[in-house]
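Chain by chain, the residues:
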Number of protein chains: 2
Amino acid sequence: MRTRATLRAGVTDGIVEAVLDELAAVGFGRLTMDGVARRARAGKAALYRRWSSKQEMVLEVVTTISVPMAETAPTEDLADDVARLVHGVADWLTDARMSRIIPDLIAEATRNPELAAALTERLGSARRNYGQAVIDAAITRGEVSPDVDSEYVLDLIAAPVFWRICGRREQVTPAYLNRVVDTVLHALGSPRA
Amino acid sequence: MRTRATLRAGVTDGIVEAVLDELAAVGFGRLTMDGVARRARAGKAALYRRWSSKQEMVLEVVTTISVPMAETAPTEDLADDVARLVHGVADWLTDARMSRIIPDLIAEATRNPELAAALTERLGSARRNYGQAVIDAAITRGEVSPDVDSEYVLDLIAAPVFWRICGRREQVTPAYLNRVVDTVLHALGSPRA
């Protein structure tokens, strides 16, 4: 797929930057291909060569940046793995553009079932797979019960950080992130919590 | 203040319903006084008699419904109080209109500092005061340490439920809400967690 290869080759290219800037500034609803083209000083044809639609453009640009930011390979240390997952969420959502883009896409998804399904599959589930791998490794090591409610634990990794940064527009401090890690370990039934 | 009295007298009045319906359907950014007037089969003058602006109209309608939904008087039972707070969040966000309106206002607030400040003061802080009262009562009873991080605990009461319903567009089950209560009690340092 040429589109993906192009993006991998240079996430910092001008058109991708223009998509992110425009999305952060006006939101998905008001974003137009014209607006992105103007900002990128490119023609609309250049956009349509890469993406078939506005939705595809937004999804690919946002997921290509967001999914790798959740990447975490499980180690032997559960607390450390959870800390990396939680800090990964904070790094993602403290990015000036992502702190606007992600709440906007969440809001838009409540009115757009097709976007909602694509976001769940390509962004949410793709990011959560990294957290699931950490939980699965801890289950394999016998540190976490196979009956753990992974869905709930994965929610806890992201939810307080999202709520603090995007919902309440407050900072997350290292102490705050430590509390989130402790909370997640408790939900995992880990004796370290 | 006539406006508040009017609303108290009949939250279900046609104009308020039209504001909520229109807000849920199109979001704050695309909402117009004309759109609300059309939906309410009222004149725009009727809206401006009650509210000075679109922002004031939205804020008053949303807070007048949302804040009382967080109301919880502390009892002697911390686990019970926390459960009522958590279920209150779930009741609020499972409402078909609120599940669209709240994420939309959160997204809008990232681009509109005046709306953000008003939402924090009139909606967020007003709702959180009820949770703070529960924590304060537990501190007075000696069940919770005065050093507890209330800000974090208050985030935990709302964040997973918001994330589950609005961020992931999934159901919250009674079992899920029980887990949230357990998580909050753990963050409070309660021996019951």
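These numbers were taken from a predicted model, which means no experiment stands behind them. (Residues numbered from 1 in each chain as written. Chains lettered and ligands numbered in written order. Predicted model: local features only at pLDDT ≥ 70, side-chain atom pairs only at ≥ 80, totals over all residues. Heavy atoms only, no water.)

### Some remarks on the relation of the copies chain A and chain B
Once chain A has been moved 0.0 Å along the axis and rotated by 180°, it coincides with chain B to within an RMSD of 0.0 Å. Put plainly, the chains are arranged around a two-fold axis. Looking at the rotation axis and the C-alpha trace of chain A, the residue lying nearest is Ala159(A), at 2.6 Å. An overlap of 100% is found between the interface residues of chain A and their copies at the interface of chain B, pointing to a shared contact surface. (Least-squares fit on C-alpha atoms with pLDDT ≥ 70 in both. Contact = heavy atoms within 4.5 Å.)

### Brief notes about the layout of surface pockets
For the largest pocket, the calculated volume is near 530 Å³. If you trace the largest pocket, you find 30 residues lining it, with Leu123(A), Gly124(A), Arg127(A), Arg128(A) and Trp163(B) closest to the centre. Counting only elements with at least two residues in the lining of the largest pocket, the list comes to helix H6 (78-94), helix H7 (98-109), helix H8 (113-140) and helix H9 (150-167) of chain A together with helix H9 (150-167) of chain B. The element best represented in the lining of the largest pocket is H8(A), accounting for 10 residues. A class-by-class count of the residues in the lining of the largest pocket yields 14 nonpolar, 9 polar and 7 charged. Of the volumes computed, that of the second largest pocket is approximately 460 Å³. Along the walls of the second largest pocket sit 24 residues, with Trp163(A), Leu123(B), Gly124(B), Arg127(B) and Arg128(B) positioned nearest its centre. (1 Å grid on protein atoms, 1.4 Å probe; cavity = no way out; pocket = protein on both sides within 12 Å on 5 of 7 lines; lining within 4 Å. Points joined across faces, edges and corners; volume = space filled by probe spheres on them. Helix = DSSP H or I, 4+ residues; strand = E, 2+ residues; numbered from the N terminus. Nonpolar A, V, L, I, M, F, W, Y, C, P; charged D, E, K, R; others polar.)

### What about the domain arrangement of chain A?
Residue and element names in this part refer to chain A. The domain boundaries assigned to chain A delineate domain 1 (2-54) and domain 2 (67-187). Between the C-alpha centres of domain 1 and domain 2 there is a distance of 27 Å. With 9 residues of domain 1 at the interface, the matching set in domain 2 holds 10 residues. When the buried area of domain 1 at its contact with domain 2 is split by residue, Leu20, Ala24 and Phe28 rank highest and sum to 61% of it. (Domains from an automatic or database assignment. Buried area = accessible area lost by both parts, 1.4 Å probe.)

### A few points about the interface of chain A and chain B
Counting residues at the interface gives 42 residues for chain A and 42 residues for chain B. At the boundary of chain A with chain B, total buried surface from both sides reaches about 3700 Å², with 56% on carbon and sulfur atoms. By the criterion of area lost to chain B, the three top residues of chain A are Arg111(A), Tyr152(A) and Trp163(A), representing 19% of everything that side buries. Remark: the boundary between chain A and chain B carries 12 salt bridges. Measuring nitrogen to oxygen at the nearest pair gives 3.4 Å for the salt bridge that ties Arg111(A) to Asp104(B). The tally of links between chain A and chain B comes to 25 residue pairs in polar contact (both at pLDDT 80 or more). For the side of chain A that touches chain B, the secondary-structure elements that each account for two or more residues are helix H2 (14-30), H7, H8, H9 and helix H10 (174-187) of chain A. Sorting elements by how many residues they give to the side of chain A that touches chain B places H9(A) first, with 12 residues. Residues belonging to the side of chain A that touches chain B are distributed by class as follows: 20 nonpolar, 8 polar and 14 charged. (Salt bridge = Lys/Arg side-chain N within 4 Å of Asp/Glu carboxyl O. Polar contact = N/O pair within 3.5 Å; in protein donor to acceptor, adjacent residues only side chain to side chain.)

### Comments concerning the packing of aromatic side chains
This model, assessed by the stated rule, comprises 5 aromatic pairs over all chains. Ring plane angle 10° and centroid distance 5.9 Å describe the contact between Phe162(A) and Phe162(B), whose orientation is recorded as stacked. Residue Phe162(A) is located in helix H9, and its partner Phe162(B) is located in helix H9; the two belong to separate chains. For Phe162(B), a relative accessible area of 2% corresponds to the buried category. A ring pair is formed by Tyr176(A) and Tyr152(B), whose centres lie 5.1 Å apart and whose planes are at 90°; its orientation type is edge-to-face. (Phe/Tyr/Trp six-rings, centres within 6.5 Å; stacked < 30°, edge-to-face > 60°. Buried < 20%, exposed > 50% of the residue type's maximum accessible area, 1.4 Å probe, protein only.)

### Some details on unusual backbone geometry
Even without being glycine, Arg169(A) reaches a positive phi, approximately 55°. The residue Arg169(A) is located in the loop between H9 and H10 in this model. Look at Arg41(B): it is not a glycine, yet its phi comes out positive at around 50°. Within the element layout of this structure, Arg41(B) appears in the loop between helix H3 (33-40) and helix H4 (44-50). With a relative accessible area of 81%, Arg41(B) lands in the exposed category.

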